[in-house]
Amino acid sequence: MREHIESLPNAVMMIAENGDIIAANSLMQGLLGYSSEELLSKKADDLAPEELQDDYAAWRVRFFEESEEEELSRVSHVQDTRARTKDGSEIALDISLKHFNSDETGPCLIASFREAASKQDNAASVENEHHDPLKEIADQARFMDSVKLAVANAQAEGRFVAVLTIDTGQHRKIIDTLGRDAGDDYLREMVTRISRISRKQDTMARLAGDEFAVLIQSLTDPDVANKLAVRIQSFLSAPIYIGEHSFAPRPDIGVSVFPTDAPDAATLLRNADLAVHDAKKASNGGISFFSEEMGERAKQRLTLESDLRSAIFKDEFVVHFQPFFKLDSGDLFGVESFLRWQHPKLGTIELRDFMHIAEETGMAAPLGETALWLTFEAIRKWKAMGHWPLRVVHSLSPQQLARSDSLLRQLRGLLLDSKIDPQHVQFAIHETDMPITDDQVTVLLEISELGFRVCVDEFGIGASALTYLFDMPVHTIKFAPGLLAESIDDEHNQSVLAATAQMAHNLNIEVIGGDIESDAHLEAAKKIGCDAG
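Cut-offs applied
- Residues numbered from 1 in each chain as written.
- Predicted model: local features only at pLDDT ≥ 70, side-chain atom pairs only at ≥ 80, totals over all residues.
- Heavy atoms only, no water.
- Helix = DSSP H or I, 4+ residues; strand = E, 2+ residues; numbered from the N terminus.
- Buried < 20%, exposed > 50% of the residue type's maximum accessible area, 1.4 Å probe, protein only.
- Contact = heavy atoms within 4.5 Å.
- Axes fitted to C-alpha atoms, helices over the stretch in contact; angles between N-to-C directions.
- Parallel < 35°, antiparallel > 145°, perpendicular 65-115°, else oblique.
- Left-handed = near helix turned anticlockwise from the far one by under 90°.
- Nonpolar A, V, L, I, M, F, W, Y, C, P; charged D, E, K, R; others polar.
- Phe/Tyr/Trp six-rings, centres within 6.5 Å; stacked < 30°, edge-to-face > 60°.
- Pairing = 2+ DSSP bridges.
- Polar contact = N/O pair within 3.5 Å; in protein donor to acceptor, adjacent residues only side chain to side chain.
- Expected span 1.5 Å × (residues − 1).
- Salt bridge = Lys/Arg side-chain N within 4 Å of Asp/Glu carboxyl O.

Chemist: How should I be thinking about the overall build of the chain in this particular structure?
Modeler: Across its full length, the chain carries 20 helices and 20 strands. Expressed as a percentage of the 533 residues in the chain, the buried residues total 50%. Of the contacts made within the chain by residues no fewer than 6 positions apart, 64% connect residues no fewer than 24 positions apart.

Structure (structure tokens):
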């Protein structure tokens, strides 16, 4: 466990029931200015300013007492308190506390420390008054003028012009998690990277949000644009570090070439935009070159967008359920719900094929409410037929978490109407939607307090996956698709997953194996220590 906390992106220490500090990672040492040996010789209460030492001790005692009475996976948060560094100065901190128990440590708590959110917000607001990190690159209007001029020159010279539209993919998540100042840092790094890889004669612009464009003019060989797109995609995909946080950009790039793909500047830019939307359909970022089929798909998209707005009122949505089983006995463990659209002309459409339209048109939240209602309606029917209790897993979108009042109101109403034990319903959040905001963590805490369970799906993709186990009320993790398959012939990967599963079990967290599709996958899941799959 001591090795695990060293890899976490926050300052973390482990505290015994008597208050002794039994482990601290290097970030904790750097935060307070103490060496590891100095921290291990202290009690946690000693780190508080003198006037708060009694409060620190009371929090610790109360937390251990409550952990004996309540579920061990609960997380407690202490907002905007203070700690004293080695040089005597004080720093404002937010603290997350979680119970932990293992043969190595015995009963203890894990404390995760972060700079107080109020301090971060104040610093960001002051800095934003002084600079605009993107003021030197062209906006959309200036870029269009450049494209028109390049197309006119290319017509006269018999050459090619290409436009690359680039969506970097993480800007909104960073703003929601760390604030606009961090979002500006991210965009500034994107601009720097694109500038380094582009040619001197190329023109770069910011079109909107984290969407950029590069104009490549006076080409004798259009394949130059393709090669440059590959280089930019690779260069932008390297991790970005903002403070203690690591982000992995998933850039999508659309490429359109004049005169091959478009007869004029406006069409050239529009077709590059169509191509980047096509690239977004790949889960981990990609490059898409415009084709005539994209124009047809754009027309189909307009049709789907129009039909989607009325589909909810026409009751065209249903939920399908996929079972998962206990690995030790093979007994049914539960089911996971999936929303499907029964289109009157196109047949059954899976969520991944229309969710991006819903997100871009503001329909994601209403769809989430519909899916939640349909899932509980199925539970109500199963209960009436005597097929209850049964674990049901239902995914929540970031849009639903953002509309916390509406979500919690709906959950309370559904719970009252169905009269079920909420412990049999588990709400999944996907690691690909993380990091999530402090407000969303608060929503998850309230969901947990209603009696529902919380699951982190696709666990193991992000660089900061482990920190979610300490900062959120997590009851279950489900390993990301592909991790089990990768571990079959890789002892190192298998050891990492097994250690993660053991740590989760020590935190009283269930472990689910994702994508068990063969006997080899099943055996790998059992070796790792998965409970179900």
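Moving on, there is more to tell.
Chemist: So what exactly am I meant to see when it comes to the packing of helix α13 (residues 364-384) against helix α15 (residues 404-418) here?
Modeler: Helix-helix packing: each pair is described by the crossing angle between the helix axes and the interaxial distance. In contact at an axis separation of 11 Å, α13 and α15 are set at 15° when each is read in the N-to-C sense. Overall, the two elements α13 and α15 adopt an arrangement that is roughly parallel. Crossing handedness for the pair α13 and α15: right-handed. Residues Glu369, Leu372, Trp373, Phe376, Arg380 and Lys383 of α13 form the contact with α15, whose participating residues are Ser406, Leu407, Gln410, Leu411, Leu414, Asp417 and Ser418. Grouping the amino acids of the contact of α13 with α15 by side-chain chemistry returns six nonpolar, three polar and four charged.

Chemist: How should the packing of aromatic side chains be read in this particular structure?
Modeler: The relation between two aromatic rings is expressed through the spacing of the ring centres and the mutual angle of the planes. Here the structure, examined in full by the defined rule, presents eight aromatic pairs. Relative to Phe354, the ring of Phe317 has its centre 5.8 Å away and its plane inclined at 50°; by these criteria the two rings are tilted. On the criterion of sequence distance, the pair formed by Phe317 in strand β13 (residues 317-325) and Phe354 in the loop between β15 (347-350) and α12 (355-361) is long-range, its members being 37 residues apart. Ring centres of Phe459 and Phe479 lie 6.4 Å apart, and the angle between their planes is 55°; on these two criteria the pair is classed as tilted. Highlighted residues: Phe459 in strand β18 (residues 453-459) and Phe479 in strand β19 (residues 476-479), separated in sequence by 20 residues. By relative accessible area, which is 2% here, Phe459 ends up buried. Three or more aromatic residues joined by ring pairs form one cluster here, namely Phe317, Trp341 and Phe354.

Chemist: Would you mind showing me how to read the pairing of strand β2 (residues 21-24) here?
Modeler: On a regular strand, each side chain points to the face opposite its neighbour's, so the side chains alternate between the two faces of the sheet. Pairing between strand β1 (residues 11-16) and β2: three bridges, direction antiparallel. The partner of Ile15 across the bridge, within β2, is Ile21.

Chemist: Can you help me understand the side chain of Ser337 in this one?
Modeler: Structurally, Ser337 can be placed in strand β14 (residues 332-343). In terms of polar contacts, Ser337 uses its side chain to reach the side chain of Thr375, at 3.5 Å. Polar contacts involving the side chain of Ser337 include one to the side chain of His394, which spans 3.0 Å. Dropping the residues within four chain positions of it, Ser337 is found in contact with His320, Phe321, Thr375, Val393 and His394.

Chemist: Please clarify how the side chain of Arg453 should be interpreted in this entry.
Modeler: By the element assignment, Arg453 lies in strand β18. The exposure class of Arg453 is buried, given its relative accessible area of 11%. Here Arg453 is in contact with Arg391, Pro422, Gln423, Val425, Gln426, Phe427, His475, Thr476 and Glu510, once residues within four sequence places are set aside.

Chemist: Would you take a moment to explain helix α16 (residues 438-449) for this structure?
Modeler: In an α-helix there are 3.6 residues to a turn, and that puts residues three or four apart on one side. Here α16 spans 17 Å end to end across twelve residues, near enough to the 16 Å set by a 1.5 Å rise per residue. Gln440, Val441, Val443, Leu444, Leu445, Ile447 and Ser448 are the residues of α16 that are buried. Phi turns positive one or two residues past the end of α16, at Gly451, with a value near 110°.

Chemist: What exactly am I supposed to notice about the pairing of strand β17 (residues 425-430) here?
Modeler: Burial of β17 is extensive: six of the six residues sit out of reach of the surface. Of the two faces of β17, both are covered, the one formed by Val425, Phe427 and Ile429 as well as the one formed by Gln426, Ala428 and His430. For strand β16 (residues 391-395) and β17, the ladder comprises four bridges, and the chain directions are parallel. Residue pairing in the sheet places His394 in a bridge with Phe427 of β17. Bridge analysis of β17 against β18 gives five bridges, and the strand direction is parallel. The residue bridging Gln426 from the neighbouring strand is Arg453, located in β18.

Chemist: What is the right way to look at the pattern of salt bridges in this model?
Modeler: Oppositely charged side chains may form a pair once their charged atoms are brought near each other. On inspection of all chains with the given rule, the structure shows 13 salt bridges. The partner of Lys86 in a salt bridge is Glu38, and the shortest N-O contact between them spans 2.8 Å. Separated by 48 residues along the polypeptide, Lys86 in the loop between β3 (75-84) and β4 (90-100) and Glu38 in helix α3 (residues 36-40) bring together distant segments of the chain. Residue Lys86 is classed as partly exposed on the basis of its relative accessible area of 45%. If you follow the salt bridges from partner to partner, you end up with Glu51, Arg82 and Glu90 in one network.

Chemist: Looking at this structure, I do not really get the sheet that holds strand β11 (residues 252-258). What am I missing?
Modeler: Where strands meet in a sheet, backbone hydrogen bonds hold them as pairs that are either parallel or antiparallel. Here we have five strands laid out as an open sheet, ordered β7-β8-β6-β11-β12, and mixed in their pairing. Of all the strands in the sheet, just β7 (203-208) and β12 (287-289) have a single pairing partner and so form its edges. Sheet twist, expressed as the average angle between the axes of neighbouring strands with direction ignored, equals 20°. Bridge count between strand β6 (residues 160-167) and strand β8 (residues 211-219): seven bridges; the pairing is antiparallel. Considered in β8, the bridge of Val163 is made with Leu215. Sheet strands in contact with helix α6 (residues 140-157) are β6, β7, β8 and β11, and its direction is about 20° off that of β8.

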